[in-house]
Amino acid sequence: MAIKLQKVLLGSCLALGLASTAPAGAEELRIGFIAPVTGIFAQVGKDMTDGFQMYLDEHGGKLGGADVKFIVEDDQGKPDAGVTKAKKLVLQDHVHMFIGGLLASTGYALAPVSTAEKTLYISSVSSADDLTQRQLSKYPYFMRTSWTSSLPHQPLGQWACDQGYKKAIVISADYAFGYETAGGFQKMFEDCGGKVIQKIWPPLGTKDFGPYIPTMKADADVIFTTMVGPMALQFPKQLRGAGNKTPIVGSGVSYDEFVLPFMGDEVIGDVSALHYSAAIDTPANQAFVKAYRAKFGKVPGYYSENNYSTAMWIDKAMQKAGGKFPGPEEFIKLMASIKLDAPRGPVELDDMRNPIENVYIKKVEKKKMFGYDKDELWNTVIKTYPKVSQFWTYGKEKFLAQPVYDRDFPPCKYCE
Amino acid sequence: MVNQRIKIAMVAAALVAFVYVVPQSGSFVVLLATRAMAFAILAMSVDLLLGYTGMSSMGQAAYFGVGAYLTAVLATKFHFGMGWDFWLVVVLGILIGAALAAVFGLFAIRAGGVYFLMITLALGQCVWGLAYRWNSLTGGDNGINMSGRPNFGLDLGNEVIFFYLVFAFFAVSMALMYVLVRSPFGQSLAGIRERELRMQILGYNTWLHKYIAFIIAGGFGGLAGVLWAHTNGHVSPETVVLTTSVDSLLMVVLGGAGTLVGATIGTAIVFGLREYLSTLVPWWQYALGGVYVLTILYLPMGLMGIPSRLRQRFSQGKDEGSKKLATKPS
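From a predicted model like this one, the values you see are computed outputs, not experimental measurements.

A few words on the overall build of chain B. Looking only at helices and strands, chain B features 16 helices and four strands. On C-alpha atoms alone, chain B measures out to a radius of gyration of 20 Å, which is about the 20 Å that the 2.2 N^0.38 rule sets for 330 residues. When the backbone C-alpha atoms are referred to their principal axes, chain B occupies close to 65 × 45 × 40 Å. Scored against the burial criterion, the 330 residues of chain B give a buried share of 52%. Taking as baseline every contact in chain B between residues at least 6 positions apart, the subset at least 24 positions apart corresponds to 74%.

A tally of helices and strands in chain A yields eleven helices and 15 strands. Taken over C-alpha atoms, the radius of gyration comes to 22 Å for chain A, in line with the 22 Å a tight globule of 416 residues would show. With respect to the three principal axes, the spread of C-alpha positions in chain A is 75 × 60 × 50 Å. Per-residue burial over chain A gives 54% buried out of 416 residues.

This next bit is on the sheet that holds strand β6 (residues 142-144) of chain A. Residue and element names in this part refer to chain A. Read across the sheet, six strands follow the order β2-β3-β1-β4-β5-β6 without closing on themselves; strand pairing throughout is mixed. One side of each edge strand has no neighbouring strand; the edge strands of this open sheet are β2 (62-63) and β6. Bridge count between strand β1 (residues 29-35) and strand β3 (residues 66-74): seven bridges; the pairing is parallel. From the neighbouring strand, Phe33 faces β3, where its bridge partner is Val72. Together, β1, β3 and β4 (97-100) form the strand contacts of helix α3 (residues 79-91), whose direction differs from that of β3 by roughly 150 degrees.

The subject of this paragraph is the interface of chain B and chain A. The interface is formed by 38 residues belonging to chain B together with 36 residues belonging to chain A. Sorting the residues of the side of chain B that touches chain A by element identifies α1 (2-21), α2 (27-53), α11 (237-240), α13 (261-276) and α15 (306-314) of chain B as the ones contributing at least two each. With six residues, the single largest contributor to the side of chain B that touches chain A is α1 of chain B. Among the residues making up the side of chain B that touches chain A, the classes are represented as 16 nonpolar, 18 polar and four charged.

As a further point, take the nonpolar core. The biggest cluster of nonpolar side chains holds 120 residues, and the ones touching the most others in it are Tyr121 and Ala168 of chain A. A total of nine residues in this core trace back to one element, the largest contributor, which is helix α9 (residues 302-320) of chain A. Here this core spans two domains, and each of domain 1 (27-149 + 282-349) and domain 2 (153-274 + 379-401) of chain A adds at least three residues to it. If you look at the next biggest cluster of nonpolar residues, it comprises 99 residues, including Leu32, Ile192, Ala217 and Leu227 of chain B.

All names here are of chain B. Orientation of helix α12 (residues 242-255) relative to α13, taken along the N-to-C sense of each, is 115 degrees, at an axis distance of 7 Å. The angle between α12 and α13 falls in the class roughly perpendicular. Along this stretch, α12 crosses α13, giving a crossing that reads as right-handed. Judged by residue contacts, Asp247, Met251, Val252, Leu254 and Gly255 of α12 engage Gly262, Ala263, Thr264, Ile265, Gly266, Thr267, Ile269 and Val270 from α13. Residue composition of the contact of α12 with α13, by class: seven nonpolar, five polar and one charged.

It is worth spelling out the packing of α2 of chain B against helix α10 (residues 206-232) of chain B at this point. Residues and elements named next belong to chain B. Packing of α2 against α10 leaves a shortest axis separation of 8 Å and a crossing angle of 170 degrees. As far as their axial angle goes, α10 and α2 are roughly antiparallel. In contact with Thr34, Arg35, Ala38, Phe39, Ile41, Leu42, Met44, Ser45, Leu48, Leu49 and Thr53 of α2, α10 contributes Lys210, Ala213, Phe214, Ile216, Ala217, Phe220, Gly221, Leu223, Ala224, Leu227, Trp228 and Thr231. Split by residue class, the contact of α2 with α10 holds 16 nonpolar, five polar and two charged.

Residues and elements named next belong to chain A. Domain annotation of chain A identifies domain 1 (27-149 + 282-349) and domain 2 (153-274 + 379-401). On the domain 2 side, the residues contacting the 16 residues of domain 1 number ten residues. A per-class count over the side of domain 1 that touches domain 2 returns seven nonpolar, six polar and three charged.

This paragraph deals with the confidence of the model for chain B. Residues and elements named next belong to chain B. The predicted model of chain B averages 87 in pLDDT, with 95% of residues at 70 or higher. Looking across chain B, the model is least confident in helix α16 (residues 319-326), with a mean pLDDT of 48, and most confident in helix α4 (residues 86-108), with 94. Taken as a whole, residues 321-330 scores under 50 in pLDDT and shows 18 contacts with residues more than four places along the chain or in a different chain. Overall fold confidence (pTM) sits at 0.85, and the ipTM for the predicted complex is 0.80.

On to the environment of Gly178 of chain A, then. Residue and element names in this part refer to chain A. Inspection of the secondary structure puts Gly178 in helix α6 (residues 176-191). The spatial distance from the C-alpha of Gly178 to the C-alpha of Met227 is 7.9 Å, given a sequence separation of 49 residues. Excluding anything up to four places from it in sequence, Gly178 contacts Ser172, Ala173, Trp201 and Thr226.

This paragraph deals with α3 of chain A. Residue and element names in this part refer to chain A. In a regular helix each residue adds 1.5 Å, so 13 residues correspond to 18 Å; α3 covers 18 Å between its end C-alpha atoms and thus fits that length. With twelve of its 13 residues buried, α3 lies for the most part within the structure. Within α3 the residues assigned to the buried category are Pro79, Asp80, Ala81, Gly82, Val83, Thr84, Lys85, Ala86, Lys87, Lys88, Leu89 and Val90.

The subject of this paragraph is unusual backbone geometry. Along the chain, Phe409 of chain A connects to Pro410 of chain A via a cis peptide bond; the corresponding omega equals -5 degrees. Within the secondary structure layout, Pro410 of chain A lies in the segment after α11 (396-401). Phi at Arg353 of chain A is positive, roughly 60 degrees, even though this residue is not glycine. Even without glycine at this site, Leu260 of chain B takes up a positive phi of about 60 degrees. Mapped onto the elements, Leu260 of chain B comes out in the loop between α12 and α13. The buried category is assigned to Leu260 of chain B, around which 28 C-beta atoms lie within 10 Å.

All names here are of chain A. Topologically, Asn379 is positioned in strand β15 (residues 376-388). The class of Asn379 is buried, set by 28 C-beta atoms lying within 10 Å. Between the C-alpha atoms of Asn379 and Tyr405, which are 26 residues apart in sequence, the distance is 27 Å. Excluding residues that lie within four positions of it along the chain, Asn379 makes contacts with Tyr255, Glu257, Leu260, Ser277, Ala278, Ala279, Lys362 and Val364.

Glancing now at the pairing of strand β14 (residues 355-367) of chain A. Residue and element names in this part refer to chain A. As defined by bridge partners, strand β11 (residues 271-274) adjoins β14 across four bridges and the pair is classed as antiparallel. Residue pairing for β14: Ala273 is matched across the bridge by Ile361. Here strand β13 (residues 345-349) folds back onto β14, and the loop between the two strands holds five residues, one of which, Arg353, carries a positive phi near 60 degrees. In this sheet, β15 lies alongside β14 in antiparallel orientation, the contact comprising ten bridges. Residue pairing across strands places Glu365 opposite Trp378, the latter belonging to β15.

Turning our eyes to something else, we now look at the environment of Pro328 of chain A. All names here are of chain A. Tracing the chain through its elements places Pro328 in helix α10 (residues 328-336). For Pro328, a count of 21 C-beta atoms within 10 Å puts it in the buried group. Sequence separation between Pro328 and His96 is 232 residues; the distance between their C-alpha atoms is 7.8 Å. When neighbours within four sequence positions are excluded, Pro328 is seen to be in contact with Lys118, Thr119, Leu120 and Tyr141.

The rules we used
Residues numbered from 1 in each chain as written. Chains lettered and ligands numbered in written order. Predicted model: local features only at pLDDT ≥ 70, side-chain atom pairs only at ≥ 80, totals over all residues. Helix = DSSP H or I, 4+ residues; strand = E, 2+ residues; numbered from the N terminus. Rg over C-alpha atoms; globule rule 2.2 N^0.38 Å. Buried ≥ 20, exposed ≤ 12 C-beta atoms within 10 Å, placed from the backbone. Contact = placed C-beta atoms within 7 Å. Pairing = 2+ DSSP bridges. Axes fitted to C-alpha atoms, helices over the stretch in contact; angles between N-to-C directions. Nonpolar A, V, L, I, M, F, W, Y, C, P; charged D, E, K, R; others polar. Core = buried A, V, L, I, M, F, W, Y, C linked by C-beta atoms within 7 Å. Domains from an automatic or database assignment. Parallel < 35°, antiparallel > 145°, perpendicular 65-115°, else oblique. Left-handed = near helix turned anticlockwise from the far one by under 90°. pLDDT = per-residue confidence, 0-100. Expected span 1.5 Å × (residues − 1).

Structure (structure tokens):
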């Protein structure tokens with residue numbers, strides 16, 4: 001019996017004794033970074049962390065003159081775990097800011113933590129539209145350095161319309177990110193005169209598109225897709241395998257550099273839109289791609305670029321602040337005052353704390369790039385929409401008056 | 001049984017020590033402890049089914065989920081439950097968990113063993129699917145964010161006060177379940193676990209007994225969900241996902257089924273490894289996996305089986321020890 005008591009007490013004491021809080025250093029900048037290190041999104045999480053870490057390494061572990069204490073926490077790709085880890089970073093490590101969060105749902109879960117703990121949260125990947133739109137007022141300590149899901153896809157709708165496509169099928173993963181990307185595309189495509197004639201929502205993680213492909217209407221000119229993870233690899237393969245030759249315009253994540261090396265030649269010619277492509281032909285991007293590839297052995301995707309440029313952005317803001325963190329609200333003002341020259345191009349904040357950035361319409365091509373000697377798949381930029389805001393050309397008031405893009409918004413007027 | 005008194009005293013002493021030490025150990029530990037206690041209520045409800053009634057439910061996350069979603073929906077859509085009416089939400093959470101279990105029980109209880117497991121799994125997934133797809137109510141994949149915790153004189157926004165509240169719920173739940181399993185009703189459940197046919201022949205309506213146990217477990221699951229929603233301030237389909245059910249089951253097995261305290265210890269260990277060790281080292285999953293494997297291999301009765309194991313080893317020949325090992329401690 002005594003053994004049992006000892007065990008219980010020992011267990012609780014052990015758990016508690018470990019929990020001494022770290023003392024705050026004098027002039028260091030403590031940054032918490034939340035990314036999936038384990039679980040199905042672990043590789044994406046590594047890309048995110050690598051991007052940020054690479055900038056730190058290039059600058060001797062300092063941002064704006066301040067020594068950076070960079071603490072990576074694993075959210076396992078789960079919103080709940082993300083919240084726990086964010087609170088750990090704030091309460092125990094006393095971080096000045098926390099960054100990251102991959103999934104839109106994680107972004108939604110982390111934003112309230114920033115409000116409750118009065119700590120800056122910079123979303124460097126997570127793209128949930130409403131955080132910087134209709135819900136922004138709830139989150140005064142929140143800003144974004146990445147994108148909203150619909151941001152690149154509104155220009156894509158315009159582009160598809162400009163190509164003379166009249167009828168489109170939307171096939172998109174069945175969750176918020178899929179709705180928001182597809183919504184942005186549909187809204188602009190239809191405002192420009194196109195018609196979305198069918199919407200298909202395969203569940204997240206679908207690997208067999210056999211049930212969906214035969215139901216796709218034959219009279220469509222173009223297919224819009226948002227596929228994530230293994231879906232991105234399977235869909236084009238199975239679509240082309242079934243003999244469907246309809247052109248694809250897709251969300252950038254369907255053809256991101258993260259999946260591109262694993263794709264076959266059937267994706268050549270497919271078009272997608274995103275705020276980054278590794279094939280942007282600028283000296284800044286070339287230098288970034290080469291340095292990244294030399295270090296990590298792969299071409300960077302937007303997960304890495306966005307975090308690299310987030311570190312760069314913080315660096316500039318800290319320089320302005322004189323190397324001392326000025327508090328979250330003041331820091332956001334500093335971030336907003338900077339026009340950043342990132343590898344992805346010029347970036348600045350709009351007044352809803354979301355980036356205004358270039359959107360690249362990209363076509364998959366097999367070619368040599370940046371002096372590499374092998375033929376590889378690259379997302380060649382075929383058109384650049386400069387300085388795109390999350391409100392596209394609609395204007396803030398008009399845009400915010402409509403509901404957030406959803407499964408049923410915009411409604412499918414032309415579906416039968 | 002004098003033995004039982006000592007056990008109760010020890011558990012009470014451990015709880016007092018716990019509630020005394022935790023608030024002094026940094027706010028992250030308070031937060032973790034709060035989360036673990038809310039989840040421990042769920043684990044104990046699983047133990048009620050697995051350990052005492054012999055039904056391994058794979059869908060306990062469903063009741064947990066409806067409790068959590070109820071809380072979040074009421075708080076965000078109707079601004080209900082942020083003041084004194086928090087207590088009403090607690091009652092509603094218990095009721096909705098129990099009500100859902102009452103419906104699911106009609107389908108599940110008729111089956112036994114692995115079929116019961118499959119049916120509860122399927123029903124649990126139905127609730128997950130609903131949470132995932134019913135966008136207008138649940139926010140779909142994004143989930144629901146709640147702004148702040150209730151304040152009814154006591155400001156639950158304060159982590160330490162909230163810790164005490166969850167602790168109170170946890171301790172009361174544990175006491176209630178303890179009373180339940182010691183009651184004649186609880187004894188009849190144990191009888192069903194050991195040999196259902198014999199109980200039937202003795203004239204017990206075993207279906208009804210199991211059904212009632214299932215509903216009670218659902219009610220506790222709902223309660224755990226209400227507390228969980230306020231612990232995180234966020235509810236998403238991840239709360240209702242199959243992993244939550246599996247976790248709760250594993251925690252019970254790890255700690256020792258049929259002990260209630262074991263469920264709590266299992267929860268504490270899993271939370272400790274998953275949420276505390278993971279902040280220290282990247283290989284925490286190996287540690288967790290190792291603990292599971294070693295427990296299953298060497299401690300089929302879970303960690304709560306350690307004392308009787310030791311007693312058996314050190315005092316071989318004495319019948320007390322071997323008898324303990326042969327039957328699960330209750």
